Amino acid sequence: NAWGGNGILQIGDGRTTTNQYCGSSAEIVGHEVSHNVISATSNLEYLNESGAINEALADLYGMAMTANRTTDDWANDIIGDDAGWNLRDMVNPANLGQPDRYSNYVVTGGDSGGVHTNSGIVNKAHALMVKGGTFNGVTVPRIGLERTEAMVWAATRLEVYDETASMEQFANGV
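Residues numbered from 1 in each chain as written. Predicted model: local features only at pLDDT ≥ 70, side-chain atom pairs only at ≥ 80, totals over all residues. Heavy atoms only, no water.

**Concerning the nonpolar core**
Nonpolar side chains tend toward joint burial in soluble globular proteins.
In step 1: If you look at the biggest cluster of nonpolar residues, it comprises 27 residues, and the most contacted ones within it are Leu-44, Ile-53, Leu-57, Trp-74, Tyr-161, Met-167 and Phe-170.
In step 2: When residues of this core are traced back to their parent elements, those giving at least two are helix 2 (48-64), helix 3 (111-131), helix 4 (144-157) and helix 5 (167-173).
In step 3: Per element, the largest residue contribution to this core is eight residues, and it comes from helix 2.
In step 4: Filtering out sequence-adjacent residues up to four positions away, Phe-170 remains in contact with Ile-53, Leu-57, Val-122, His-126, Val-152 and Tyr-161. (Core = buried A, V, L, I, M, F, W, Y, C linked by side-chain atoms within 4.5 Å. Buried < 20%, exposed > 50% of the residue type's maximum accessible area, 1.4 Å probe, protein only. Helix = DSSP H or I, 4+ residues; strand = E, 2+ residues; numbered from the N terminus. Contact = heavy atoms within 4.5 Å.)

**Some remarks on the environment of Trp-153**
In step 1: Mapped onto the elements, Trp-153 comes out in helix 4.
In step 2: The partly exposed category is assigned to Trp-153, whose relative accessible area is 33%.
In step 3: Remark: the alpha-carbon pair of Trp-153 and Tyr-61, spanning 92 residues in sequence, is separated by 9.3 Å.
In step 4: If we skip the residues at most four places from it in the chain, Trp-153 touches Val-37, Thr-41 and Tyr-61.

**Details of the packing of helix 2 against helix 4**
In step 1: Axis separation between helix 2 and helix 4 bottoms out at 11 Å; the angle between their running directions is 140°. Here helix 2 is positioned oblique relative to helix 4, judged by the angle of their axes. Pair helix 2 / helix 4 crosses with left-handed handedness. Here Leu-57, Leu-60, Tyr-61 and Ala-64 of helix 2 come into contact with helix 4, specifically with Leu-145, Thr-148, Glu-149, Val-152, Trp-153 and Thr-156.
In step 2: By residue class, the composition of the contact of helix 2 with helix 4 is seven nonpolar, two polar and one charged. (Axes fitted to C-alpha atoms, helices over the stretch in contact; angles between N-to-C directions. Parallel < 35°, antiparallel > 145°, perpendicular 65-115°, else oblique. Left-handed = near helix turned anticlockwise from the far one by under 90°. Nonpolar A, V, L, I, M, F, W, Y, C, P; charged D, E, K, R; others polar.)

**Some details on the pattern of salt bridges**
In step 1: All told, the structure shown has six salt bridges when counted by the stated rule.
In step 2: Between Asp-73 and Lys-131 there is a salt bridge, and its shortest N-O distance comes to 2.9 Å. Pair noted here: Asp-73 is in the loop between helix 2 and strand 3 (78-79) and Lys-131 is in helix 3, with a separation of 58 residues, a long-range link.
In step 3: The class for Asp-73 is buried, based on a relative accessible area of 14%.
In step 4: In this structure, Asp-100 engages Arg-101 in a salt bridge whose closest nitrogen and oxygen atoms are separated by 3.0 Å.
In step 5: Ionic contacts of the salt-bridge type, sharing partners, join the residues Glu-55, Asp-59 and Arg-88 into one network. (Salt bridge = Lys/Arg side-chain N within 4 Å of Asp/Glu carboxyl O.)

No statement about biological role is implied by the geometric values presented.
So this is what it looks like as structure tokens:
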């Protein structure tokens, strides 16, 4: 129970389900602060595909808060685990109920069109960029966290996609 956007940051106590304070997670706080940055730059609409991209960008930047800069990688692959929460698995989104490819995109009227669920598709792409690997028959070379962040940030800052960007438009922009 944390929220960020429109210049506001709200961090609740999170004790209702995990008995862990989400404000103790650098990843979660970084994620929520990132929503404000996204709002001030690309201003991605928080709905459907553009909303899922918004969530995935916040996940990428949140994970950067606990990154190991020596190895140019995330400290781990789970967002929120630094406070006892397993919110999203960046490498294997399906482990936590998210799709990892567009063909598994979830169409729903809830959660602003599935923004938290479908962010797994973009998170998987980010993980392949950071770590490299073979997925769905395609081998992606590792470029590391620093270059991934720089590429994604440049696309966000330069607004190479509009507020209602599809995942395809985002991928082409990055």
